[in-house]
Amino acid sequence: MFRNSSRNRFAMIAASAAAGVMLLTACNGTDTAGSTSQGAADSVAQSLNFLNGTAEQNSAQPKTGDWANAPGKPAAKPVARKWVQLSAARAGDLDPVVVNGAGFTLHRFDKDTADPSKSNCDGDCATTWPPVLVAPGGKIFIDGVDKSAVGVVKRTDGTLQVTIGGWPVYRFSKDLKPGDTNGQGVGGTWFGVTPDGQKAGVTEAPDEADADQGQEQGEAEGQAATSAVLFDDPGFADNGSQGLAGQGCKNVFRDDVASSIQAAGSLKIWTGADCTGKSKVIEGDVADLAAIGFNDDVSSVFFG
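Below you will find a few notes about this structure. Not measured: the values here are computed from a predicted model. Along every chain, residues carry numbers that run from 1 in the direction the sequence is written. Totals for whole chains, interfaces and linings use all residues, but because this is a predicted model, local features are given only for residues with pLDDT of at least 70 and pairs of side-chain atoms are given and counted only at 80 or more. Heavy atoms throughout the structure, all of them, feed into the side-chain values; hydrogens and water do not.

Examining the sheet that holds strand β13 (residues 227-231)
Pairing between sheet strands relies on hydrogen bonds along the backbone, with the strands arranged either parallel or antiparallel.
Then, in step 1: Taken in spatial order, the 3 strands of this open sheet run β14-β13-β16, and their pairing is antiparallel. Since the sheet does not close on itself, it has two edges, and those belong to β14 (241-245) and β16 (260-263), each with one partner. Direction aside, the axes of adjacent strands within the sheet are offset by 20° on average. For two strands to be treated as a pair, DSSP must find no fewer than two bridges joining them. Helical segments are the DSSP runs of H or I of at least four residues, strand segments are the runs of E of at least two, and each set is numbered from the N terminus. Think of each axis as a best-fit line through the C-alpha atoms, taken over the contacting stretch in the case of a helix, with angles from 0 to 180 degrees between the N-to-C directions.

Take a look at the structure:
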């Protein structure tokens, strides 16, 4: 009888101790939804290895890192890789822009935040714009990108997404071959990402002396323009102008004459009709198109 009583007592103590350990783990490592807590995510991020140079230069194991879709096929759903590569490069008209180890352009999303880092692209968005993921304990090869600009953020599903300048970075599913920049300027919110986390290929509007105009420009930034006025002369001088409005690609009525442009938001200008030729994403007003190499050279505009 004494032995049975002792066994029961020891069993109760062991069960209580196990419950205490489980409760402590739930509080410190995993939330009620089962995803890793932010503190644990920070710990995982510290376990990543940041290495200078490319994956090839560091003798990374082939076919274990950066994912790439087959030529001419949409990007597949990404998985957290043992290594990813961030290289400063040129893609199309974007120079510099960051590409991955397979040469595909990486993007940032204006609806995300950089301070603190947070991704707001989930569900269908993450299918169109697959996030760049790295496995816990994985390697990030840095080629022409400052290590201090690179980090990771925990997504809602617990995976770790690579950040540059605090901005979560993504691929675009409609980029079908290395060097494609089809995601540039989409919706006025998606842009290639530079090695310091800025928007690649975007010319910000110059500072204006007029405070009210500066405020209006700030409100327009990050939004897709739906109309624009193209002036024949620099500085918005009204010695001849033409307006465009709508959605998608619009050909200008008198091409190759514009020297300045006003727009409440971002748009893409092209040197050829039907949005062909050389292109540039601009953010709001540009007082002198010569400064970005487009003086008397705008034939069409894309409104996102």
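Details of the state of the cysteines
Note on terminology: a disulfide is the covalent bond linking the sulfur atoms of two cysteines.
Then, in step 1: In plain terms, two cysteine sulfur atoms within 2.5 Å form what is called a disulfide here. One pass over the structure, following the stated rule, counts 2 disulfides.
Then, in step 2: Covalently, C249 is tied to C275 through a disulfide, its sulfur atoms 2.2 Å apart. Residues C249 and C275 are joined through a disulfide that is right-handed, its torsion about the S-S bond being 110°. A residue pair is termed long-range when its members are at least 10 positions apart, and C249 in strand β15 (residues 248-251) and C275 in the loop between β17 (266-272) and β18 (276-283) qualify at 26 residues.
Then, in step 3: When accessible area is computed with a 1.4 Å probe and restricted to protein chains, residues below 20% of their type maximum are described as buried, those above 50% as exposed, and intermediate ones as partly exposed. A relative accessible area of 14% places C275 in the buried class.
Then, in step 4: Take the cysteines of the protein that form disulfides and number them in order along the sequence; they join up as 1-2, 3-4.

A few points about the environment of T156
Then, in step 1: Position of T156 relative to the elements: it lies in the loop between β8 (150-154) and β9 (160-164).
Then, in step 2: Here the alpha-carbon distance between T156 and S119, two residues 37 residues apart in the chain, equals 8.5 Å.
Then, in step 3: Looking at T156, its side chain comes within polar contact range of the side chain of D122, at 3.3 Å. We define a polar contact as two N or O atoms separated by no more than 3.5 Å, with the added condition that, inside protein, one atom must be a possible hydrogen donor and the other a possible acceptor, whereas residues neighbouring each other in sequence contribute only through side-chain atom pairs.

As for the packing of aromatic side chains
Then, in step 1: Aromatic contacts are taken between Phe, Tyr and Trp rings whose centres are within 6.5 Å, Trp giving its six-membered ring; a plane angle under 30 degrees counts as stacked, one over 60 as edge-to-face, and the others as tilted. Tallied over the full model, the rule gives 6 aromatic pairs.
Then, in step 2: A ring pair is formed by W129 and W190, whose centres lie 3.8 Å apart and whose planes are at 0°; its orientation type is stacked. Of this pair, W129 sits in the loop between α3 (124-128) and β7 (133-143) while W190 sits in strand β11 (residues 190-192), and the two are 61 residues apart along the sequence.
Then, in step 3: With 5.1 Å between their ring centres and 85° between their planes, Y170 and W190 make a pair best called edge-to-face. Of this pair, Y170 sits in the loop between β10 (167-168) and β11 while W190 sits in strand β11; the two residues are 20 residues apart in sequence, bridging distant segments of the chain. We note that Y170, like W190, is buried.
Then, in step 4: Pairwise contacts between aromatic rings join F109, W129, Y170, F172 and W190 into one cluster.

Quick look at the pattern of salt bridges
Then, in step 1: By salt bridge we mean one thing: a side-chain nitrogen of Lys or Arg within 4 Å of a carboxyl oxygen of Asp or Glu. This model, assessed by the stated rule, comprises 6 salt bridges.
Then, in step 2: A salt bridge links D110 to K199; the shortest N-O distance between them is 3.1 Å. Residue D110 is located in the loop between β4 (107-109) and β5 (113-114), and its partner K199 is located in the loop between β11 and β12 (202-204); the two are separated by 89 residues in the primary sequence.
Then, in step 3: For K199, the salt bridge identified is with E283, shortest N-O distance 3.4 Å. With K199 in the loop between β11 and β12 and E283 in strand β18, the pair connects residues that are 84 residues apart, well separated along the chain. By the burial criterion, K199 is buried, and E283 matches it.
Then, in step 4: Shared partners join several salt bridges into a network, and the residues in it are R108, D110, K199 and E283.

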